Amino acid sequence: MSKTFLALSVAWALALPVSTIAGGNGEINAQQSLTELIDQLQNNGTLSTTDSPSTEVPGSGDGLLQTLQQAKADGALPDQKNLWPSIIEGFRISDVDRPRVDKWRTWFLQHQGKLEEILQNSRPFLYYVATAVKERGMPMELALLPAIESGYNPRAYSPAAAAGLWQFVPGTARGFGLQNTRWGDPRLSLTASTNAALDYLSYLYNYFGGNWLLAIAAYNAGQGTVSAAIQQNVAAGLPTDFWDLHLPNETENYVAELLALAQVIKNATAYHVALPEIANRAQLALVHPQQSVNLEVAARLMNVSVSELQHLNAGLRYGVAPAGYALVVPKDKAETLRTALSQQSTELMGTPSTSSSQPSSEEAVARKVTPVSEPRPAKATPNVHYITIRSGETLSQVALRTGVSISDLQRWNHLRSANDLQVGQKLVVYGGKTIPVVTATQATITVRAGESLWQIAQRAGVNVAALAAANHLSTHSMIHPGQVLRLPAQGSLMAALRPRQEQLAAAIPRATTYVVRPGDTVWQIAARYHVSPKSVVQWNRLASAADIHPGTRLTIYTR
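Residues numbered from 1 in each chain as written. Predicted model: local features only at pLDDT ≥ 70, side-chain atom pairs only at ≥ 80, totals over all residues. Heavy atoms only, no water.

Student: Lay out the overall build of the chain with the relevant residues and their values.
Tutor: When you go through the chain residue by residue, the secondary structure sums to 24 helices and twelve strands. Considering only contacts in the chain between residues 6 or more positions apart, those separated by 24 or more positions represent 66%. As displayed, the chain offers around 27600 Å² of accessible surface, 51% of which is attributable to carbon and sulfur atoms. (Helix = DSSP H or I, 4+ residues; strand = E, 2+ residues; numbered from the N terminus. Contact = heavy atoms within 4.5 Å. Areas by Shrake-Rupley, 256 points an atom, 1.4 Å probe, with all protein chains shown as cover.)

Below, the structure is given as structure tokens:
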């Protein structure tokens, strides 16, 4: 028997993807599926089961090909092109038979529209999350946890101030390195939040003696709550398995819902559930820009929509990626962005171009729009110069204009607050240099629900007085959702964002996901969030206020 056949036979018998194996006309890539291998064998016939005609399978011409074809027909050959078989193969904790799990499994089967919505939401992120789970040797059910936590919505917020795919609350987030910055909230970042969540789950798993159900319960209810329930059972001489503990009803449902979702996915064919096709390969890549860059600029360079890039990088609240940030982009566009940013950096540094050809449209965009640069600290031996405060200028704008930090400006000029500025006032600056920062070429901006003119100015990175003047308004004029405002002339400086501005921006309406509980009505839910019942019905496209059931996920816009 040939070595090639032996290697392929072992790979097939173990139901594993074929590793890189030398054979015939080249190599079989590690990501190539066994299904693809069948096509290759049919097309070129370069691999056979034997080195000698005497051992061939009678009438087959290729025994290996016949065997693989039969396995595929019988459904025994895993589909390596689709991500779901790989996820299902990693399930380790959901093979349970419990009434509460049965109840949630039934719920998913009765609400397949909602299930489809959640799974569709997971499409951009699931491969990344599943790969991270697999690399750590964790149960693949954990890759479904964001479906339970947030419906795989990276911008989901809860009334308890939890946020992101993994719904970190601020205190826990800080403990695992997800500290708010002026650029945004890392809890909403795919990469940062996934790594932190898996770190937290690993910690809980070890803390509870290698019990994943207890770890998942603690992720929901808190380590102290689960520990107290265990101690209560120990004192009463009762078992301390998850199913024997007296935990909050929400936590028991949380764990059961996760296990039920895994069961539905594993048995999707039997339950007549259509899982969305998700390729079993990376769809996303990380680009680390050397300079800060506006997402609108990056989107134009890659020829993708701004909304798609914002969705992939929800952690960037203000639409600007600082230097070195792990920017998530479509994988097939990553090299385009890297090249464009590299060429831009070369041109900005004054390095002569090695090409004499005409610039491409992407290069033209890169040269036309300079990304936002983060203020840099003053040098050790700086030159001293003075800056005169202009009308409407903020300290953050001065910092951006001079290339130094806000804290340095306050310290050098003995300013107690960033608001202690007057028109015509002169500030001393040590070192630094003028940094011309240009906003993306967006001529208009649309008013969101609940926004004031000041908040829109902050979102657009322009002065509120200039915004008002461009639209023939006063700074106190009334505006309404959906209204389109003209932005001031392009080339205006974009203000660096202060912590206070971040706090005010938090007042902009946010999407909160609420899971309907038994006995809830639309009126009660609306009252809880101080919104109108009509709004709840409209936001969720309900047929009527009675069109909710326990477990229904509602989107509520809060401030």
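Student: If you had to explain the packing of helix H10 (residues 190-207) against helix H11 (residues 212-221) to someone new, which residues and values would you point to?
Tutor: It is the contact of H10 with H11, at a shortest axis distance of 8 Å, that shows an interaxial angle of 125°. One finds that H10 runs oblique with respect to H11. At the point where H10 passes H11, the crossing takes the right-handed sense. Where H10 abuts H11, its residues Ala 197, Tyr 200, Leu 201, Leu 204 and Tyr 205 lie against Trp 212, Ala 215, Ala 218 and Tyr 219. When the residues that make up the contact of H10 with H11 are grouped by side-chain class, the tally is nine nonpolar, no polar and no charged. (Axes fitted to C-alpha atoms, helices over the stretch in contact; angles between N-to-C directions. Parallel < 35°, antiparallel > 145°, perpendicular 65-115°, else oblique. Left-handed = near helix turned anticlockwise from the far one by under 90°. Nonpolar A, V, L, I, M, F, W, Y, C, P; charged D, E, K, R; others polar.)

Student: Residues and numbers for the packing of helix H5 (residues 99-110) against helix H13 (residues 249-266), please.
Tutor: H13 packs onto H5 with a crossing angle of 60° between their chain directions and a minimal axis gap of 8 Å. With respect to H13, the element H5 is oriented oblique. In this structure, H5 meets H13 at a crossing whose hand is right-handed. Seen from H5, the contacting residues are Arg 100, Val 101, Lys 103, Trp 104, Arg 105, Phe 108 and Leu 109; seen from H13, they are Asn 249, Glu 252, Asn 253, Ala 256, Glu 257, Leu 259, Ala 260, Leu 261, Gln 263 and Val 264.

Student: Any details on helix H6 (residues 112-122)? Residues and values, ideally.
Tutor: Buried residues of H6: Leu 115, Ile 118, Leu 119 and Ser 122, and no others. The buried residues of H6 occupy an angular sector of 95° when the element is viewed end-on, so they sit on one face. (Buried < 20%, exposed > 50% of the residue type's maximum accessible area, 1.4 Å probe, protein only. Arc of directions from axis to C-beta.)

Student: How would you sum up the environment of Leu 144? Please name residues and give values.
Tutor: Residue position: Leu 144 is located in the loop between helix H7 (126-135) and helix H8 (145-150). C-alpha separation for the pair Leu 144 and Leu 259, spaced 115 residues apart in sequence, amounts to 9.3 Å.

Student: Break down the pattern of salt bridges for me, citing the residues and quoting the values.
Tutor: Tallied over the full model, the rule gives eight salt bridges. As a salt-bridge pair, Glu 335 and Arg 338 come within 3.3 Å of each other at their nearest N and O atoms. Residue Glu 335 and its partner Arg 338 are located together in helix H16 (residues 331-348), separated by three residues, close to a single helical turn. Take Arg 338: its relative accessible area is 34%, and that puts it in the partly exposed class. (Salt bridge = Lys/Arg side-chain N within 4 Å of Asp/Glu carboxyl O.)

Student: Let's hear about the nonpolar core: which residues, and what values?
Tutor: Core analysis: the largest hydrophobic core is formed by 71 residues, its most contacted members being Trp 166, Phe 168, Leu 201, Tyr 219 and Val 226. Of the residues forming this core, the biggest block, ten residues, is contributed by H13. Apart from the residues lying within four places of it in its own chain, the contact partners of Phe 168 are Ala 161, Ala 162, Ala 163, Ala 173, Leu 178, Arg 187, Ser 193, Ala 196, Ala 197, Tyr 200 and Tyr 219. Counting 20 residues, the second largest nonpolar core, distinct from the first, contains Ala 298, Leu 301, Val 304 and Tyr 325. (Core = buried A, V, L, I, M, F, W, Y, C linked by side-chain atoms within 4.5 Å.)

Student: Describe helix H12 (residues 223-235), and please don't skip the residues or the numbers.
Tutor: Given a rise of 1.5 Å per residue, 13 residues ought to cover 18 Å, and the 18 Å separating the end C-alpha atoms of H12 matches this to within 8%. Burial in H12 covers these residues: Val 226, Ser 227, Ala 229, Ile 230 and Asn 233. Buried residues of H12 fall within an arc of 160° about the axis and therefore sit on the same side. Of the exposed residues in H12, those oriented more than 90 degrees away from the buried face are Gln 231 and Ala 235. Of the surrounding elements, those touching the buried residues of H12 are H10 and H11. Positive backbone phi, at 70°, marks Gly 237, one or two positions downstream of H12. (Expected span 1.5 Å × (residues − 1).)

Student: Can you break down the packing of aromatic side chains residue by residue, with the values?
Tutor: Summed over the entire model, instances satisfying the criterion amount to eleven aromatic pairs. With a centroid separation of 4.9 Å and an interplanar angle of 45°, the aromatic rings of Phe 176 and Tyr 200 are classed as tilted. Taken together, the positions of Phe 176 in the loop between helix H9 (170-175) and H10 and Tyr 200 in helix H10 put the pair 24 residues apart, joining distant regions of the chain. A network of ring pairs unites the aromatic residues Phe 168, Phe 176, Tyr 200 and Tyr 219 as a single cluster. (Phe/Tyr/Trp six-rings, centres within 6.5 Å; stacked < 30°, edge-to-face > 60°.)

Student: A description of the side chain of Thr 194 should follow, citing residues and the corresponding values.
Tutor: Mapped onto the elements of the fold, Thr 194 is located in helix H10. Here Thr 194 falls in the buried class, since its relative accessible area comes to 0%. What Thr 194 contacts, discounting residues up to four positions off in sequence, is Tyr 128, Val 129, Ala 132, Trp 166 and Ser 189.

Student: For unusual backbone geometry, give the residues involved together with the corresponding values.
Tutor: One can expect most non-glycine residues to show negative phi and most peptide bonds to be in trans. Unlike most non-glycine residues, Gln 167 shows phi in positive territory, near 55°. Of note, Gln 167 is situated in the loop between H8 and H9. Positive phi outside glycine occurs at Asn 303, with the angle close to 60°. With respect to the secondary-structure elements, Asn 303 resides in the loop between helix H14 (295-302) and helix H15 (306-312).

Student: Kindly report on the environment of Thr 444, identifying the contributing residues and their values.
Tutor: Tracing the backbone shows Thr 444 in strand S9 (residues 444-446). Exposure remark for Thr 444: the relative accessible area of 36% places this residue in the partly exposed category. Sequence spacing of Thr 444 and Pro 488 is 44 residues, and the spatial spacing of their C-alpha atoms is 8.9 Å. Discounting residues that sit within four places of it in the chain, Thr 444 has contacts with Val 484, Leu 485, Arg 486 and Leu 487.

Student: Give a description of the confidence of the model for the chain that names residues and reports values.
Tutor: Note: predicted coordinates in regions of low pLDDT should not be interpreted at a detailed level. Taken over all residues, the pLDDT of the chain has a mean of 74, while the share at 70 or more is 68%. Low confidence marks residues 1-33, where pLDDT is under 50. Its contacts with residues over four positions away, or in another chain, come to 58 contacts. Note on residues 434-442: pLDDT is under 50 here. Beyond four places in sequence and across chains, it has 34 contacts. (pLDDT = per-residue confidence, 0-100.)

Student: Which residues make up the side chain of Thr 191, and what are the values?
Tutor: Looking at the secondary structure, you find Thr 191 in helix H10. Exposure remark for Thr 191: the relative accessible area of 9% places this residue in the buried category. For Thr 191, the side chain forms a polar contact with the side chain of Ser 189, separated by 3.3 Å. In contact with Thr 191, other than residues within four places in its own chain, are Tyr 128, Leu 286, Ala 326 and Val 328. (Polar contact = N/O pair within 3.5 Å; in protein donor to acceptor, adjacent residues only side chain to side chain.)

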